[in-house]
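Here is how the chains run, residue by residue.
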Amino acid sequence: MHPEIMILGWAAVLLLVHIFTAIHFKTKQYGVDWNTGARDETASLPPLNPIAGRLERARDNYLETLPIAIIALLGVVVAGRTSGTTALGGWIWLGARAVYLPLYWAGVPKVRTLVFLVSIVGLLIALWPLLAG
């Protein structure tokens, strides 16, 4: 199996971590009835507490880069353009994204942004063979 496909598998696991972590803290604030209900009363709910809000934003941020990773990593496999470099780019992206979550959760500024930029570099490394032709 191509390492790029394995990276995508672990990316799916990380997405589940994002989803369940965010919903856990949101449920702690709004309650199990909210979680298991229709969630129609969203407008009348108080704003999320800082941690729950950060976890939702971290999940949303992950979801913004995940499609790019899927295109890049699956694209190089389909195009037959895989290499140690594309796998390295994928691992850099995934590793940085795994580090990003606890940094955002803890509210660490600046370093979190730097880690995000490292993840983008990883994506560009993986994507380059598709762009270079």
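A brief structural summary. The model shown is predicted, which means the values in this text are computed figures rather than measured ones.

## Some words on unusual backbone geometry
Moving on, step 1. Positive phi is not limited to glycine here, since Lys 110 has a value of about 60°.
Moving on, step 2. With respect to the helices and strands, the residue Lys 110 is situated in the loop between α4 (84-106) and α5 (111-132).
Moving on, step 3. The exposure class assigned to Lys 110 is exposed, which follows from its relative accessible area of 71%.

## Details of the packing of aromatic side chains
Between two aromatic rings, the relevant description is the distance of the centres plus the angle of the planes.
Moving on, step 1. Summed over the entire model, instances satisfying the criterion amount to 5 aromatic pairs.
Moving on, step 2. Look at Tyr 30 and Trp 34: their rings are 5.4 Å apart centre to centre, the planes differ by 65°, and that puts the pair in the edge-to-face class.
Moving on, step 3. Under the relative-accessibility criterion, Tyr 30 is labelled buried at 17%.
Moving on, step 4. Since its relative accessible area comes to 6%, Trp 34 is described here as buried.
Moving on, step 5. For the ring pair Tyr 100 and Phe 116, a centre distance of 6.3 Å and an interplane angle of 55° mean the geometry is tilted.

## Quick notes on helix α1 (residues 3-30)
Moving on, step 1. Taking 1.5 Å per residue as the helical rise, α1 with its 28 residues ought to reach 40 Å, and the 40 Å between its terminal C-alpha atoms agrees with that figure.
Moving on, step 2. Two residues or fewer after α1 comes Gly 31, characterised by a positive phi angle close to 100°.

## Thoughts on a nonpolar patch on the surface
Moving on, step 1. Residues Met 1, Ile 5, Met 6, Trp 10, Val 13, Val 17, Ile 70, Leu 74, Val 78 and Trp 91 make up a contiguous nonpolar surface patch of about 950 Å² in total accessible area.
Moving on, step 2. For the nonpolar patch, the elements supplying multiple residues, two or more each, are α1 and α3 (50-78).
Moving on, step 3. For the nonpolar patch, the leading source of residues is α1, giving 5 residues.

## Some points on the pattern of salt bridges
Moving on, step 1. Counted under the stated rule, the structure contains 3 salt bridges.
Moving on, step 2. For Glu 56, the salt bridge identified is with Lys 26, shortest N-O distance 3.0 Å. On the criterion of sequence distance, the pair formed by Glu 56 in helix α3 and Lys 26 in helix α1 is long-range, its members being 30 residues apart.
Moving on, step 3. By relative accessible area, which is 17% here, Lys 26 ends up buried.
Moving on, step 4. Three or more residues joined by partner-sharing salt bridges are found here, namely Lys 26, Glu 56, Arg 59 and Asp 60.

## Structural notes on the packing of α1 against α4
Moving on, step 1. Orientation of α1 relative to α4, taken along the N-to-C sense of each, is 10°, at an axis distance of 9 Å. As summarised for this structure, α1 and α4 are arranged roughly parallel, according to the angle between their axes. From α1, Pro 3, Glu 4, Met 6, Ile 7, Trp 10, Ala 11, Leu 14, Val 17, His 18, Thr 21 and Phe 25 reach across to α4, where they touch Thr 86, Ala 87, Gly 90, Trp 91, Trp 93, Leu 94, Arg 97, Ala 98, Leu 101 and Trp 105.
Moving on, step 2. Its residues assigned to classes, the contact of α1 with α4 shows 15 nonpolar, 4 polar and 2 charged.

Criteria and cut-off values
- Residues numbered from 1 in each chain as written.
- Predicted model: local features only at pLDDT ≥ 70, side-chain atom pairs only at ≥ 80, totals over all residues.
- Heavy atoms only, no water.
- Helix = DSSP H or I, 4+ residues; strand = E, 2+ residues; numbered from the N terminus.
- Buried < 20%, exposed > 50% of the residue type's maximum accessible area, 1.4 Å probe, protein only.
- Phe/Tyr/Trp six-rings, centres within 6.5 Å; stacked < 30°, edge-to-face > 60°.
- Expected span 1.5 Å × (residues − 1).
- Patch = residues over 30% accessible without salt bridge, like charges linked within 9 Å, V, L, I, M, F, W, Y side chains within 5 Å.
- Areas by Shrake-Rupley, 256 points an atom, 1.4 Å probe, with all protein chains shown as cover.
- Salt bridge = Lys/Arg side-chain N within 4 Å of Asp/Glu carboxyl O.
- Axes fitted to C-alpha atoms, helices over the stretch in contact; angles between N-to-C directions.
- Parallel < 35°, antiparallel > 145°, perpendicular 65-115°, else oblique.
- Contact = heavy atoms within 4.5 Å.
- Nonpolar A, V, L, I, M, F, W, Y, C, P; charged D, E, K, R; others polar.

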